[in-house]
2 protein chains.
Amino acid sequence: MQLEKTTKPRQKEGKRGYGDACGLAHALELIGERWALLVMRELMFGPRRFSGLKRDLPGISANVLAQRLAELEERGLVRRAKLPPPASVQVYEATEWGLEAAPVLGVLGKWAARSPLHDPSLPISHVSVMLSLQTMFEAELAGDFEATGRFRLGDVTYLAEVREGRIDVRRGEPGQCDFTVTAEPAQLAGVVYGGAPIDAIRIDGDLALAKRFVTLFPLPSKVA
Amino acid sequence: MQLEKTTKPRQKEGKRGYGDACGLAHALELIGERWALLVMRELMFGPRRFSGLKRDLPGISANVLAQRLAELEERGLVRRAKLPPPASVQVYEATEWGLEAAPVLGVLGKWAARSPLHDPSLPISHVSVMLSLQTMFEAELAGDFEATGRFRLGDVTYLAEVREGRIDVRRGEPGQCDFTVTAEPAQLAGVVYGGAPIDAIRIDGDLALAKRFVTLFPLPSKVA
DNA sequence: CCGTATCCAATAAGATACTG
DNA sequence: CAGTATCTTATTGGATACGG
């Protein structure tokens, strides 16, 4: 008799969902694919171009990035936009709801920080570092400390403002700031999280404030 | 000339990591594979057997479940244990660190609850429903309301205790309780989240407390 | 019954080349 | 630069079959 295995009926043709009403399962259908959350991470501080995303996501291939962006767009997490002239380039930006995924990134990252398998020597993007400042900031360590720092990481500038026990991190130039850090993302991470001496990064402005600033982001103890 | 494509050097042979020092990327390497977080979900209220996991994860195949459990075990999130005699069966349980992933599940689920694509008609496990109560509980709606409910979902019994603006959900029999709900997980979800009438589920004990109880878990508004 | 191991077909991911 | 096309490899799911 002939083999008919190729004609087997499949209950869910074409889709590979979890078939589970749990919100968690649905979340994984939205952003559970490989690279999806890292793409969202790169969009958290504002619109990005395709090539920038590709550069900062080490090892992603163009077709996978294009597919992820298309999926995230059709799910309502990402939107294509055109930057106003004279730039007029196409960019990808997170929608409102997409930006609401920020706590997800924070909780995941914070949880993983306790992992004994974590390798901090790998490359890291400027978005990752600045987002980690937002995530790992500890209000109790800050007390009533106040400072505004400017961070020149490669060709992107961020602004981090500590005030009233909160931190606000965003892209752009501050109107004024107490100090300016100029470094590669990995160097900054080394100083804040790796115990590297602060002169591993260039600091202009109020060095004392900067020294205090970098102590506000404690790493949790490793689990093993 | 001969094709030598199969001998291409691959920079990360055998592993498919993200090559990214970001904590988020590492989190995804730990629990980013398909099914991994859903397996963790099923372990959040205590040890489970292989067959129970397979039953409550709709559509997972035995080999994938076995592989996920093995990976989670070697990463320190899951541990094999043997239930004490007379049961003496092997179970899987979350480690301390694995249990610390609970907030991750909560944040993800809560975020996804705003999705317009969510289909609540799919099957749902008892763990999912009880975990969602923990997640979606709104302290402000509770005020100083106090109640202890027993939930018989299939062959598993849970206990949910609302007190001092907090909720505690766990497996087991309560010493005493105000009401007992007997239902399938989907029916309970329908009453709590779907606006189904409360008589869709069986309630013994204090009906008034139970009616109030099921109002403490508001769904966020859909995003589109 | 409790898993494990193995095979196979379908998909997703990765590498690379190429086009407007 | 911004993707698409194509091809290769890896992972997944489904169906058994197997050992305790």
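The structure reproduced in this document is the subject of the present report.

About the thresholds
- Residues numbered from 1 in each chain as written.
- Chains lettered and ligands numbered in written order.
- Predicted model: local features only at pLDDT ≥ 70, side-chain atom pairs only at ≥ 80, totals over all residues.
- Heavy atoms only, no water.
- Near = heavy atom within 4 Å.
- Polar contact = N/O pair within 3.5 Å; in protein donor to acceptor, adjacent residues only side chain to side chain.
- Helix = DSSP H or I, 4+ residues; strand = E, 2+ residues; numbered from the N terminus.
- Nonpolar A, V, L, I, M, F, W, Y, C, P; charged D, E, K, R; others polar.
- Least-squares fit on C-alpha atoms with pLDDT ≥ 70 in both.
- Contact = heavy atoms within 4.5 Å.
- Core = buried A, V, L, I, M, F, W, Y, C linked by side-chain atoms within 4.5 Å.
- Buried < 20%, exposed > 50% of the residue type's maximum accessible area, 1.4 Å probe, protein only.
- Buried area = accessible area lost by both parts, 1.4 Å probe.
- Salt bridge = Lys/Arg side-chain N within 4 Å of Asp/Glu carboxyl O.

### Side note on the protein's contact with DNA strand C
Turning to step 1, where the next piece is worked out: Contacts to DNA strand C come from 22 residues, most closely from A:Arg34, A:Asn63, A:Arg68, B:Arg16 and B:Phe50.
Turning to step 2, where the next piece is worked out: Among the atoms of DNA strand C close to the protein, meaning within 4 Å, 77% are from sugar or phosphate groups.
Turning to step 3, where the next piece is worked out: Within the side chain of B:Arg16, an N or O atom sits 2.8 Å from a sugar or linking oxygen of DNA strand C.
Turning to step 4, where the next piece is worked out: One of the side-chain nitrogen or oxygen atoms of B:Gln90 is found 3.5 Å away from a phosphate oxygen of DNA strand C.
Turning to step 5, where the next piece is worked out: Of all the elements in the fold, those that place two or more residues in the surface near DNA strand C are helix H4 (62-74) of chain A together with helix H3 (50-56), helix H4 (62-74) and strand E2 (90-94) of chain B.
Turning to step 6, where the next piece is worked out: For the surface near DNA strand C, the per-class residue count stands at 6 nonpolar, 8 polar and 8 charged.

### Thoughts on the relation of the copies chain A and chain B
Note on the chain copies: they are related by a rotation about an axis and a translation along it.
Turning to step 1, where the next piece is worked out: Overlaying chain A with chain B gives an RMSD of 0.0 Å, the required rotation being 180 degrees about an axis along which the chain moves by 0.0 Å. Within this description, the copies of the chain are treated as partners about a two-fold rotation axis.
Turning to step 2, where the next piece is worked out: Looking at chain A, 100% of its interface residues are interface residues in chain B too, so the copies touch through the same face.

### With respect to the nonpolar core
Turning to step 1, where the next piece is worked out: A:Phe213 and B:Phe213 are the most contacted members of the largest nonpolar core, which totals 139 residues.
Turning to step 2, where the next piece is worked out: When sequence neighbours within four positions are dropped, the list of residues in contact with A:Phe213 reads A:Leu133, A:Phe145, A:Phe151, A:Ala160, A:Val162, A:Ile167 and A:Phe179.

### Quick look at helix H1 (residues 23-31) of chain A
Along an α-helix, a turn takes 3.6 residues, which lines up residues three or four apart on a common side.
Turning to step 1, where the next piece is worked out: When you tally the buried positions in H1(A), you get 8 out of 9 residues, the bulk of the element.
Turning to step 2, where the next piece is worked out: Residues A:Gly23, A:Leu24, A:Ala25, A:His26, A:Ala27, A:Leu28, A:Leu30 and A:Ile31 constitute the buried set of H1(A).
Turning to step 3, where the next piece is worked out: Where H1(A) is buried, its residues contact helix H2 (36-43), H4 and helix H5 (96-99) of chain A together with helix H2 (36-43) and helix H6 (102-112) of chain B.

### Regarding the protein's contact with DNA strand D
Turning to step 1, where the next piece is worked out: For DNA strand D, the set of nearby residues contains 22 residues, the closest of which are A:Arg49, A:Ser51, B:Arg34, B:Trp35 and B:Asn63.
Turning to step 2, where the next piece is worked out: In this structure, B:Trp35 approaches DNA strand D through a side-chain N or O atom, which is 2.6 Å from a phosphate oxygen.
Turning to step 3, where the next piece is worked out: A distance of 2.8 Å is found between a phosphate oxygen of DNA strand D and a backbone nitrogen or oxygen belonging to B:Gly59.
Turning to step 4, where the next piece is worked out: Going through the elements one at a time, helix H3 (50-56), H4 and strand E2 (90-94) of chain A together with H4 of chain B are the ones with two or more residues in the surface near DNA strand D.
Turning to step 5, where the next piece is worked out: The greatest single-element share of the surface near DNA strand D, amounting to 4 residues, is contributed by H4(B).
Turning to step 6, where the next piece is worked out: Taken together, the residues that form the surface near DNA strand D break down as 6 nonpolar, 9 polar and 7 charged.

### Some points on the interface of chain A and chain B
Turning to step 1, where the next piece is worked out: Each partner contributes residues to the interface: chain A has 47 residues there, and chain B has 47 residues.
Turning to step 2, where the next piece is worked out: Buried area between chain A and chain B, both sides added, is near 4500 Å², and the carbon and sulfur share of it is 70%.
Turning to step 3, where the next piece is worked out: Looking only at chain A, the three residues that lose the most surface to chain B are A:Tyr18, A:Trp97 and A:Trp111, adding up to 18% of its buried area.
Turning to step 4, where the next piece is worked out: Run the count over chain A and chain B and you get 4 salt bridges.
Turning to step 5, where the next piece is worked out: A:Glu100 is the partner of B:Arg114 in a salt bridge, and the nearest nitrogen-oxygen pair spans 2.6 Å.
Turning to step 6, where the next piece is worked out: For the interface between chain A and chain B, the tally reads 17 residue pairs in polar contact (both at pLDDT 80 or more).
Turning to step 7, where the next piece is worked out: Contributing elements (two or more residues each) for the side of chain A that touches chain B: H1, H2 and helix H6 (102-112) of chain A.
Turning to step 8, where the next piece is worked out: Within the side of chain A that touches chain B, the residues separate by chemical class into 30 nonpolar, 9 polar and 8 charged.

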